[in-house]
Structure formats: C-alpha cells, structure tokens
Amino acid sequence: MFNRRKFIKASALSAGLIALDKKSIAEVIPASNSSEKKFPIVISTWDFGIAANADAWKVLSAGGTALDAVEQGVWVPEADEKNQSVGYGGLPDRDGKVTLDACIMDEQGNCGAVLALEHIKHPISVARKVMEKTPHVMLAGDGALQFALEQGFKKENLLTPASEKAWKEWLKTAKYEPVMNIENKLYEKAAPQKLPGNQYNHDTIGMLALDAKGNISGACTTSGMAYKLHGRIGDSPIIGAGLYVDNEVGGATSTGVGEEVVRNVGSFLVVELMRQGYSPEAACKEAVMRIIKKKPETAKKIQVGFLAINKKGEYGAYAIQQGFSYAVCNAEKQDLLIKGKSYY
C-alpha cells in the first residue's frame, strides 16, 4: 500500500528535483528579474540599421506605433542605392533581375509578405498592403507586382549601374557559392580595412520595435542572395523564419543564409525559447546551435545571425560567424552599434 508516510516522502523528493531542475535552468538561461520598462526602443540588423533606426525613432518618440516605425525605418536601406543587398541597388539574380522579398508583422499577429517582387522600390510597404488590404499573407512574382501597381506604387528600374557592373563581372566565371559575410567581400580587394562593422557591411535588414504602449512589430526586407537562381526565396519574407512577433513574449528576426533559417523556422524558435524563459541572447544562441548541430560542416562556411527583443525591451543577438553587428536606438542613445557574439 502506498501509505501517507510514503506519499509525503515521495512528494518531498519530487519537490527537491523540481527545485534542482529550476536551478539548472537558471544557470543555462540567464534572465532578468527587472520589471523596469525599457521602451520605446527599436533594434535592427547590421550597421546601416543606425540610419534606419533613426527614422523609426522619429515615429516612436512622437508616440507612434511600432508598426509605423518599422515600416518607415526600413524604407531607408530600401532606397539606398549604395546598399547592394536591400531594395534599390540590390545585386541581381544570375539573370540580371533584381527581385525583392519582404514581410511585416504587427502586435495582433497580422502579417503580410511579398516574394520575388520586381520594379518596386519599397517592398515592405507592399507587404503591409497585402496584410491590410487582402485576405492573404503572401503574394509572389508577377501577382505581387500587379497588386502593387493597383495600389498606386510606381514601377521603376532597380538595377543600378554599379550593381549591373558587378553582375557582368560575376558572369565571367558565373560561380554561385554562398559566402559568409559576402557583403564585406565586395569591398575586400579595394579596401581591406573596410571590414565588419562599417557602412560597407550590408545584408538583409530585420527590424523590431517596441512602442510606448508596449506593443511589438517587426519588418524584414532584402534583395536576397546575390546571383541566386531566378525565383529563389530565402527566409526574409517567410513569417516564422525571417521574422516572427508574439506580443505576449517578444519578437525575432534573422540574417544570413536563409535556407538554413527556413529549415529550422528560426525566428519562431527564438520567440518560443523566450516564452520558456530564455533571455533574448540565449534564445538566439540556441537557434544558432540548432543549425550547427544539424549541419556542422555547412555551418563552418556560412553566416546566420538572429536578433531578438522581449516585452521588457531587453534585446540580444547571436551568430554563427564573427562579423555580425546590430543597431539599437532608444531615449538614451540613438546610434548604438553592438558587435554580436558568435560561435566561431
């Protein structure tokens, strides 16, 4: 018989195990006990996120919504012809076509995305129109362009002379190979000192904002991998991969080789880990480790980075390789650039 004395003894043992388990988890997952509010705040990937954050901050500091802030913020790199991996001026695919991907997500779980969109400078705004004006989440290719034109967007040539020149140079060998931090390599021969953490370090921009009301929204936009197969889609416009927001928990975004992020549903994973008690940085690190554990040899040759923020306004990042940086903007400092931690 399982009598009262045995029951009490077993209960005490179970309580001890639970306490031990919680202690172990606390050691692995650093978490803040501070209830201090650290928002409004906006964070974004890479060094050019500083300029993007500045425009987002104009919205947040005036009491605007996180959704408006992230849209306005990523307009900056989308319109920058010197940025060869986002929007106008982006390096084309192997056929010489500039195709853009973007997605946006608000605090209510509403989301919209465009994939392989051509001729439109601000794909993030088309993605928002998909979210607000249609019953769909994603529109792709010619259909996305048709919708954009119907919504009043202007059709433009996005292939700049500089990007066209780079593409024609690539055609001489036409070797397609993902290279980690390839944005740096574009300038390595001409200016080897201009390596990571400066204005030449360009990649997908992912942005997350927490407004004065404590609501989170996110945006992610890119011209994708240079010289990709026509029609290739990475993680950037895929909700749960390149971007995910849960207003009860936080938000996450990613950068790097999108195929590996998609395989691990990376941004969703980061948010769910934060739900379990991980800090933003610890959650990003665990997502990176999933990629490394599944494909250790591939991981040595590629770059993937995650950036996250929780409901308190705490933020963090982690990448496979060195060279990933992220920008932070709040009431205290508007141009903070942080070197992200990495496995290698």
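Up top is the structure.
The text that follows walks through the structure, step by step, so that each part is easy to find. Note that the coordinates shown come from a computational prediction; the quantities given were computed from them, not determined experimentally.

Reading guide: rules and limits
Residues numbered from 1 in each chain as written. Predicted model: local features only at pLDDT ≥ 70, side-chain atom pairs only at ≥ 80, totals over all residues. Heavy atoms only, no water. Phe/Tyr/Trp six-rings, centres within 6.5 Å; stacked < 30°, edge-to-face > 60°. Helix = DSSP H or I, 4+ residues; strand = E, 2+ residues; numbered from the N terminus. Buried < 20%, exposed > 50% of the residue type's maximum accessible area, 1.4 Å probe, protein only. Disulfide = S-S within 2.5 Å. Core = buried A, V, L, I, M, F, W, Y, C linked by side-chain atoms within 4.5 Å. Contact = heavy atoms within 4.5 Å. Expected span 1.5 Å × (residues − 1). Pairing = 2+ DSSP bridges. Axes fitted to C-alpha atoms, helices over the stretch in contact; angles between N-to-C directions. Polar contact = N/O pair within 3.5 Å; in protein donor to acceptor, adjacent residues only side chain to side chain. Salt bridge = Lys/Arg side-chain N within 4 Å of Asp/Glu carboxyl O.

Bringing the packing of aromatic side chains into the picture now. Going through the model one piece at a time under the given rule, you end up with six aromatic pairs. Ring centres 4.7 Å apart and planes at 15 degrees place the aromatic pair W170 and Y227 in the stacked group. Taken together, the residues W170 in helix α6 (residues 161-171) and Y227 in the loop between β6 (216-222) and β7 (243-246) connect sequence positions 57 residues apart. With respect to burial, W170 and Y227 carry one shared label: buried. Taken together, W46, Y315, F324 and Y326 form an aromatic cluster joined through their ring pairs.

Okay, the state of the cysteines next. One way to say it: the disulfide is the covalent bond shared by the sulfur atoms of two cysteines. Scanning the entire structure with this criterion turns up zero disulfides. Free cysteine: C220, not disulfide-bonded; nearest cysteine sulfur from C103 at 5.4 Å.

Let's shift gears to the nonpolar core. Of all hydrophobic cores here, the largest spans 84 residues; its most connected members are I104, V114, V126, V270, V304, F306 and I320. For this core, the element with the highest residue contribution is helix α10 (residues 280-294), accounting for eight residues. Filtering out sequence-adjacent residues up to four positions away, V304 remains in contact with T255, G256, V257, E260, V261, V288, I291, Y318, A319 and I320.

With that settled, the discussion passes to helix α3 (residues 66-78). Taking 1.5 Å of rise per residue, the 13 residues of α3 would be expected to cover 18 Å, and the 18 Å separating its terminal C-alpha atoms lies within 8% of that figure. Considered for burial, the residues of α3 that qualify are A66, L67, A69, V70, E71, G73, V74, P77 and E78. Its buried side turned inward, α3 meets α2 (49-60), β2 (100-105), α4 (123-133), β5 (205-210) and β6.

This part is about the sheet that holds β7. Read across the sheet, five strands follow the order β7-β8-β9-β10-β13 without closing on themselves; strand pairing throughout is mixed. The strands lining the two open edges of the sheet, one partner per strand, are β7 and β13 (341-342). With seven bridges joining them, strand β8 (residues 250-256) and strand β9 (residues 304-310) adopt antiparallel strand pairing. Paired with A252 across the bridge in β9 is A308. Packing of helix α9 (residues 266-275) onto the sheet brings it into contact with β7, β8 and β9, and relative to β8 it is tilted by some 145 degrees.

Bringing the side chain of Q84 into the picture now. Within the secondary structure, Q84 sits in the loop between α3 and β2. Judged by relative accessible area, Q84 falls into the buried class, the value being 12%. A polar contact of 3.2 Å, which involves the side chain of Q84, links it to the side chain of S163.

A few words on the pairing of β6. Among the seven residues in β6, seven count as buried, and that is most of the element. Burial of the side chains of β6 extends over both faces: I216, G218, C220 and T222 are buried on one face and S217, A219 and T221 on the other. As paired elements, β5 and β6 share six bridges and run antiparallel to each other. Bridge pairing links M207 to A219 in β6. What sits between the antiparallel neighbours β5 and β6 is a turn of five residues, in which G214 has the positive phi angle 85 degrees.

Taken as a whole and judged by the stated rule, the model has 17 salt bridges. In this structure, the salt-bridge partner of R290 is E286, at a minimum N-O distance of 3.1 Å. Of this pair, R290 and E286 are both found in helix α10, four residues apart, which corresponds to roughly one turn of the helix. Exposure remark for E286: the relative accessible area of 19% places this residue in the buried category. Overlapping salt bridges, with partners in common, bring together D68, E71, R128 and E132 in one network.

The next point concerns unusual backbone geometry. With an omega of 10 degrees, the peptide bond between F39 and P40 qualifies as cis. For P40, the location among the structural elements is in the loop between α1 (4-28) and β1 (41-45). At H119, a position not held by glycine, the phi torsion is positive, near 75 degrees. For H119, the location among the structural elements is in the loop between β3 (111-117) and α4. According to the relative accessible area criterion, H119 is partly exposed, its value standing at 27%. The phi dihedral of Y227 is positive, around 60 degrees, even though this residue is not glycine.

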